[in-house]
Amino acid sequence: MSSHENNSTLEVLPRNKEKIKKIWKTAGILLAITAVEFLLAFTMERGMLLFAIFIGLTLVKAAYIMMEFMHLKDESKTLFWSIMLPLIFLVWLLIALFKEGAEIFMYRW
């Protein structure tokens, strides 16, 4: 029988400053977009413009998260848009259904 050596030592690699900088940059960009949403929520009056801005900023954040965390920025643009276009149409569908449902509700009363 052959004997196997069990080397269970942990090797610590030096920090990769470039990766850490990229993580902080990503967190900063998402924080900035969220801060703009937060600021607009308390300064603008409620209405379609505010909702449109929120939906637009949410789609921007979703696209940025897809590009960074799903590593789609290195892939072809076709793959990115094949994910984003259905998302945009899904958001449009939800808005249309809510608006239509509200109109039907108001018509019945």
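Remember, it's a predicted structure, so these values are computed and weren't measured experimentally.

Reading guide: rules and limits
- Residues numbered from 1 in each chain as written.
- Predicted model: local features only at pLDDT ≥ 70, side-chain atom pairs only at ≥ 80, totals over all residues.
- Heavy atoms only, no water.
- Helix = DSSP H or I, 4+ residues; strand = E, 2+ residues; numbered from the N terminus.
- Buried < 20%, exposed > 50% of the residue type's maximum accessible area, 1.4 Å probe, protein only.
- Contact = heavy atoms within 4.5 Å.
- Areas by Shrake-Rupley, 256 points an atom, 1.4 Å probe, with all protein chains shown as cover.
- Lys, Arg positive; Asp, Glu negative; His and termini not counted.
- Charge placed at Lys NZ, Arg CZ, Asp CG, Glu CD.
- Axes fitted to C-alpha atoms, helices over the stretch in contact; angles between N-to-C directions.
- Parallel < 35°, antiparallel > 145°, perpendicular 65-115°, else oblique.
- Nonpolar A, V, L, I, M, F, W, Y, C, P; charged D, E, K, R; others polar.
- UniProt positions renumbered as here; feature names shortened; annotations may be inferred.
- Salt bridge = Lys/Arg side-chain N within 4 Å of Asp/Glu carboxyl O.

## Structural notes on the overall build of the protein
And step 1. Helix and strand counts for the protein stand at three helices and zero strands.
And step 2. Going residue by residue from the N terminus, the α and β elements of the protein occur as α-α-α.
And step 3. Projecting the C-alpha coordinates of the protein onto the three principal axes gives extents of approximately 85 × 40 × 30 Å.
And step 4. In the protein, buried positions account for 16% of the 109 residues.
And step 5. Taking as baseline every contact in the protein between residues at least 6 positions apart, the subset at least 24 positions apart corresponds to 50%.
And step 6. When the accessible surface of the protein is summed, it comes to about 9900 Å², and 70% of that surface belongs to carbon and sulfur atoms.
And step 7. Charge separation in the protein, taken as the distance between the mean sites of 12 positive and 10 negative side-chain charges, equals 5 Å.

## Some thoughts on the packing of helix α1 (residues 17-43) against helix α2 (residues 48-69)
And step 1. Interaxial distance between α1 and α2 falls to 10 Å at its minimum, and their mutual angle equals 170 degrees. It follows from the interaxial angle that α1 and α2 lie roughly antiparallel. On α2, the residues that touch Lys22, Thr26, Ile29, Leu30, Ile33, Thr34, Val36, Glu37, Leu40 and Ala41 of α1 are Leu50, Ile53, Phe54, Leu57, Thr58, Val60, Lys61, Tyr64, Ile65, Glu68 and Phe69.
And step 2. Classifying every residue of the contact of α1 with α2 by side-chain character gives 14 nonpolar, three polar and four charged.

## Observations concerning the UniProt feature "transmembrane region" (unreviewed entry) in the protein
And step 1. In the UniProt entry, the feature "transmembrane region" (unreviewed entry) is given for residues 23-42, 48-67 and 79-98.
And step 2. The span residues 23-42 shows a helical share of 100% and a strand share of 0%, and its end C-alpha atoms are spaced 29 Å apart.
And step 3. In the segment residues 48-67, helix accounts for 100% and strand for 0%; the C-alpha atoms at its two ends are 28 Å apart.

## A closer look at the pattern of salt bridges
And step 1. If you walk through the whole model with that rule in mind, you get two salt bridges.
And step 2. In this structure, Glu68 engages Lys22 in a salt bridge whose closest nitrogen and oxygen atoms are separated by 4.0 Å. Of the two residues, Glu68 is situated in helix α2 and Lys22 in helix α1; the sequence distance between them amounts to 46 residues.
And step 3. The buried category is assigned to Glu68, whose relative accessible area is 12%.
And step 4. Assessed through its relative accessible area of 39%, Lys22 is described here as partly exposed.
And step 5. Put simply, Lys61 and Glu37 hold a salt bridge, and the shortest N to O gap is 3.1 Å. With Lys61 in helix α2 and Glu37 in helix α1, this pair connects stretches of sequence that are 24 residues apart. Comparing Lys61 with Glu37, the two get one shared label, buried.

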